[in-house]
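# Architecture at a glance
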Amino acid sequence: MPAGMKPLEKFLKKQTTALTRAGGFVGGVADKASGGTGASRRRASLSRVVPFFRETSPESGQAREVFSPDSEDPPSWPSATGPGLVSVPSSANGSGSGSGSGGGDIRSPSLSSDEQSSEASLITETQSGGGGGGGTPLHPDTPDNLTLIMLDSVAGKRYGHCTETLLDDFMLTHPIFLTADRFQQVLLQQFSLETEGKEREERGREREAEGERREGGGGEMDGAERKQSVLNVAFRYLDTYRELLQEEGERSNSFPKELYMCALQELSRYPELVEDVLKLQRWTEILHCPSDEEKESRKKQVRPLFRHFRRIDACLQPREAFRGSDEIFCRVYTPDHSYVTIRSRLSCRVGEILALVREKLQYSEDQPVLPGNLILVAVTSAGEKAVFRPSDEAVFTTLGVNTHLFACEASELESLLPLPEEIHWTPGDSKLHDMSAEEVANQLVVFDWELFSCVHEVEFVCYVFHGEQSRWRPLNLELVLQRCSEVQHWVATEILQCQSLPKRVQLLRKFIKIAALCKQQQDLLSFLAVVLGLDNPAVSRLRLTWEGLPGKFRKQFQQFESIADPSRNHKSYRDLITSLRPPLIPFTPLLLKDLTFLHESCKTFHGELVNFEKMHKVAEMVRTIRRYRSSQLAMDTETSPSHLQTKAYVRQLQVIDNQNLLFDMSCKLEPKDT
């Protein structure tokens, strides 16, 4: 993965005033070239939207833990004998090893004192089971034991009143504390067990002593119940991760195959499993043999990323979720700005990309001498560089809006420059003048919905909790974040390229109207992206342009700015989104900020024990995202030429993301002394 620090981690742990600028890679070239630390080699795909967030004072330190990491004793989480939630301690843990007077304070260190109460209310809402499913009455336990407890619950032996919530919590969050391979292994072992064994009996006595059996009626599972429970959990797992498992091919298909063979052998003893065996057979076929529709989709031409359309008809097609095996075209530049076009898998390793580049250069007439050891570098439009490691994967979706890949020798690193078209600009009239605000807003909403719908809900968890080590790459989520950055810079670019003052005022009015229409259609991603684009320092300083705006539009924009206000933990935005009903498109960076705060504010493990209440809170946030997409957005099917022209324009925006260049353009339009 890229050498840039992961942006959410940067926001919570290493905020600097540099983040208020256009964004980009943090740190010097020397750090990147030398590899850097593990913490500094994270994705930078969110760095362009951090102006929405309140910065952290460098003195505020890291997020506080709910119990001391130096403690040798497990935290005294409350008993799980009741139906309520296992609440996170509000003070030092029971062993008395809290980290100072703030040992139990889980408020965000990134917020000022007047924002803490709102942040605390977010935690309280999550603790109260805001998703309507109730709490998860579980003790912290080992990953394997949590799996067994879940099987008991599915079999109706325990926690009958909240089995569905428990199962969903486990399915959404188990990759955080339990690898997929280990989870599958436990299910296969439990399906093959003939008796419960001594360990299960001992666990049963311990649970009974703790009073947990009062939750579900007690009783041990017989053979049929246990096998039925394992199959039900397996079906839920396969259904939740279907698209991701299909991507892995034979690696993932071995699990349902092996489970199917085991179930087939048990049919003579347990004939009641016949329906489940048939269902399992269908699952093996689904994972092994894609449907005809999927086969046809894979036969299509190499798919472009939305920022790299090569043909107009490609950008007019509905968006589909990207998978790591998808092949794309990509240009890789050399120091003299010549380039080779490679055909690569989206999840390709950097080492494989460099091998493809070397092969192309070998047959290039422009390269009489074959280069030595190549490195792959991302160069932004501002000239910032990030060197990738050969083991990094899926780098294409992590690039900035106008960031390009360069292949060069290590000695040529310092000489790399942005492409000329990224540095120079040509004034001119915008195509936006000829388009209605309604058409542009509609196309923004439709495209945002397509992108947001492509994001698998597990990608949110993988992005925050695993980053580079994630089994499943959050490719589609990174594209949504790129889109947010792209729309912000599009707004500034269109206004600053317009030389005529009256036309700039017209564009300003049009963008405010577009923002209003996006908000009306519940697309908060483009709504806030447009507002933040208008709040860009290079645009907000245009005094003459803003003075020409009618009072009605100025008042409306002030209302929009109040929604984007980060004070009191973005209270205005949260009040707005709470009042909306699905379908809606949220401001995705703030979702990731909330997940990251939850991740940083309390531990996942203490020793070998999993804090499952934290998993419940994470699952609640993911279920919120699921509710946003619980109904389908009405899609526009008009095919008039003007409509298609607007659609193509919106899906391949031409933007300037170099903040220094934008500011220079602004000063030329309205010099500082005017």
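Bear in mind the structure is a predicted one, so any value in this text is a computation, not a measurement.

## Some words on the sheet that holds strand 2 (residues 339-345)
- In space, the five strands of this open sheet follow the order 2-1-5-3-4, with mixed pairing throughout. The sheet is open, and its two edges are formed by strand 2 and strand 4 (385-387), each paired on a single side. Geometrically, the sheet is characterised by an average inter-axis angle of 40° between neighbouring strands, direction not taken into account.
- Of the pairings in the sheet, the one linking strand 1 (residues 327-333) to strand 2 comprises seven bridges and is antiparallel in character. When the bridges of strand 2 are listed, I328 appears paired with S344.
- Against the sheet, helix 14 (residues 350-362) contacts strand 1, strand 2, strand 3 (374-379) and strand 5 (404-409), and its axis sits at roughly 135° relative to strand 2.

## Remarks on the nonpolar core
- The biggest cluster of nonpolar side chains holds 134 residues, and the ones touching the most others in it are W490 and L534.
- Top element by residues in this core is helix 18 (residues 475-496). It accounts for ten residues.
- W490 has contacts with L432, V440, L444, F511, I514, Y649, L653 and V655, leaving out every residue within four places of it along the chain.
- The next biggest cluster of nonpolar side chains, apart from the first, holds 25 residues, and it includes I342, V350, V357 and L475.

## A closer look at the side chain of S666
- The topology assignment puts S666 in helix 28 (residues 659-669).
- In this structure S666 comes out as buried when scored by relative accessible area, which is 0%.

## Considering the environment of P271
- Residue placement: P271 occurs in the loop between helix 10 (250-266) and helix 11 (274-288).
- Expressed as a C-alpha distance, the spacing of P271 and A224, which sit 47 residues apart in the sequence, is 9.5 Å.

## Here's the deal with the pattern of salt bridges
- Tallied over the full model, the rule gives 23 salt bridges.
- Note that R345 and E352 form a salt bridge whose closest N and O atoms lie 2.8 Å from each other.
- For R345, a relative accessible area of 30% gives the class partly exposed.
- What makes E352 partly exposed here is its relative accessible area of 34%.
- The residue E393 makes a salt bridge to R349 at a minimum N-O spacing of 3.0 Å.

## Thoughts on helix 11
- Taking 1.5 Å per residue, 15 residues should reach 21 Å; helix 11 reaches 21 Å between its end C-alpha atoms and fits that length.
- Three or more residues of helix 11 are buried, namely D276, V277, L280, W283, T284 and L287. Down the axis of helix 11, the smallest arc covering the buried residues is 115°, so these residues share one side.
- Turning to helix 11, the residues buried within the fold contact helix 8 (223-240), helix 9 (242-248) and helix 10.

Rules used in this analysis
- Residues numbered from 1 in each chain as written.
- Predicted model: local features only at pLDDT ≥ 70, side-chain atom pairs only at ≥ 80, totals over all residues.
- Heavy atoms only, no water.
- Pairing = 2+ DSSP bridges.
- Helix = DSSP H or I, 4+ residues; strand = E, 2+ residues; numbered from the N terminus.
- Axes fitted to C-alpha atoms, helices over the stretch in contact; angles between N-to-C directions.
- Contact = heavy atoms within 4.5 Å.
- Core = buried A, V, L, I, M, F, W, Y, C linked by side-chain atoms within 4.5 Å.
- Buried < 20%, exposed > 50% of the residue type's maximum accessible area, 1.4 Å probe, protein only.
- Salt bridge = Lys/Arg side-chain N within 4 Å of Asp/Glu carboxyl O.
- Expected span 1.5 Å × (residues − 1).
- Arc of directions from axis to C-beta.

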